[in-house]
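Observations on the model geometry
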Amino acid sequence: MNSTTLRRWLRWSLEGRYQWGYSSSSTGRYGNQSLYVHIYPPDTPRKLRRCAHLARIWLPISAVSTLGTASIVVTLIEVSLLTASIGPAVLLLLAWIALVQVAAPINSRLATSSAWKSLISPNLDDEITFDQLHTTVYRLQEAERQVERGEISQREYHRRWSKAFAGL
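This structure is a prediction, so every number in the text was calculated from the model and none was measured.

1. A closer look at the overall build of the chain
A count of helical and extended segments in the chain gives 5 helices and 3 strands. Starting at the N terminus, the α and β elements of the chain follow one another as α-β-β-α-α-β-α-α. In summary, the chain has a C-alpha radius of gyration of 20 Å against a globular reference of 15 Å for 168 residues, an excess of more than 25%. By its C-alpha atoms, the chain is 65 × 45 × 35 Å across when sized along the principal axes. Looking at the chain as a whole, 31% of its 168 residues qualify as buried. Carbon together with sulfur atoms contributes 61% to the accessible area of the chain, which is approximately 10,800 Å² in total.

If you want it as structure tokens, here you go:
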């Protein structure tokens, strides 16, 4: 693994894949598609975006960390798994509460939108809304890739991010 890949992986772990925010999509059993988009305000400092991202993914990370730590304690000291997990669980819960508090200002200004479309009962308005939101996500992802490759300036990237944020 080269240093560029390592730096990118560390940045993604701390901030998420995209600076602008995140999106998720799913396809249901009968082909229904849903799309959720969350865009951070473009003027948000990097540290706050990191806190917001970590607060969002903290609970699964802390559960794994608690079990890992408790397993090690159980092998070193003769205590039950429940007893060994209480201390780490409390500390990680307090850390999550602190992250949520720090991230509250950014999360209160987050631009969010969702759209869905159905294959069973198609609705033209729903499909148009879905396609527009999908295009917004695609453009933001493409802008992120372009700025990483040096094809566009940071200024142009922030212009596109601001436009998408204002459009939600």
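2. Details of the pattern of salt bridges
Enumeration over the complete set of coordinates arrives at 13 salt bridges. E144 is the salt-bridge partner of R11, the closest N and O atoms lying 3.9 Å from each other. Here E144 lies in helix α4 (residues 124-149) and R11 lies in helix α1 (residues 3-15), a separation of 133 residues in the sequence. The exposure class of R11 is buried, given its relative accessible area of 15%. As a salt-bridge pair, R109 and D43 come within 2.9 Å of each other at their nearest N and O atoms.

3. Some points on the packing of α4 against helix α5 (residues 154-167)
Two numbers describe how α4 lies on α5: the axes approach to 10 Å, and their chain directions differ by 165 degrees. Here α5 runs roughly antiparallel to α4, going by the angle between their axes. α4 and α5 meet at a crossing whose hand is left-handed. Between α4, through T136, L140, A143, E144, Q146 and V147, and α5, the contact on the second element is made entirely by Q154, Y157, R160, W161 and A164.

4. Here we look at a nonpolar patch on the surface
There is a patch of nonpolar side chains on the surface, built from L67, I72, V74, L76, I77, V79 and L81 and spanning about 640 Å² of accessible area. Here the element with the most residues in the nonpolar patch is helix α2 (residues 46-76); it accounts for 4 residues. Within the element layout of this structure, L76 appears in helix α2. Judged by relative accessible area, L76 falls into the exposed class, the value being 68%.

5. A few points about the side chain of R49
Relative to the assigned elements, R49 resides in helix α2. Assessed through its relative accessible area of 6%, R49 is described here as buried. Engagement of the side chain of R49 in a polar contact is seen with the backbone oxygen of Q19, the distance being 3.3 Å.

6. Let's talk about the packing of aromatic side chains
As enumerated under the stated definition, the model contains 3 aromatic pairs in all. Centre to centre, the rings of Y18 and W20 are 5.3 Å apart; their planes meet at 25 degrees, and the pair counts as stacked. Owing to a relative accessible area of 14%, Y18 belongs among the buried residues under this scheme. Using a relative accessible area of 0% as the deciding quantity, one classes W20 as buried. The ring of Y22 carries R56 above its face, with NZ or CZ at 3.5 Å from the centroid.

7. Observations regarding the environment of H53
Secondary-structure assignment places H53 in helix α2. Note: C-alpha distance between H53 and E15 (38 residues apart in sequence) is 5.7 Å. Setting aside residues no more than four positions away along its own chain, H53 makes contact with W12, S13, L14, E15, G16 and Y40.

So, how was this worked out
Residues numbered from 1 in each chain as written. Predicted model: local features only at pLDDT ≥ 70, side-chain atom pairs only at ≥ 80, totals over all residues. Heavy atoms only, no water. Helix = DSSP H or I, 4+ residues; strand = E, 2+ residues; numbered from the N terminus. Rg over C-alpha atoms; globule rule 2.2 N^0.38 Å. Buried < 20%, exposed > 50% of the residue type's maximum accessible area, 1.4 Å probe, protein only. Areas by Shrake-Rupley, 256 points an atom, 1.4 Å probe, with all protein chains shown as cover. Salt bridge = Lys/Arg side-chain N within 4 Å of Asp/Glu carboxyl O. Axes fitted to C-alpha atoms, helices over the stretch in contact; angles between N-to-C directions. Parallel < 35°, antiparallel > 145°, perpendicular 65-115°, else oblique. Left-handed = near helix turned anticlockwise from the far one by under 90°. Contact = heavy atoms within 4.5 Å. Patch = residues over 30% accessible without salt bridge, like charges linked within 9 Å, V, L, I, M, F, W, Y side chains within 5 Å. Polar contact = N/O pair within 3.5 Å; in protein donor to acceptor, adjacent residues only side chain to side chain. Phe/Tyr/Trp six-rings, centres within 6.5 Å; stacked < 30°, edge-to-face > 60°. Lys NZ or Arg CZ within 6 Å of the ring centre and 35° of its normal.

None of this, on its own, says anything about what the molecule does.
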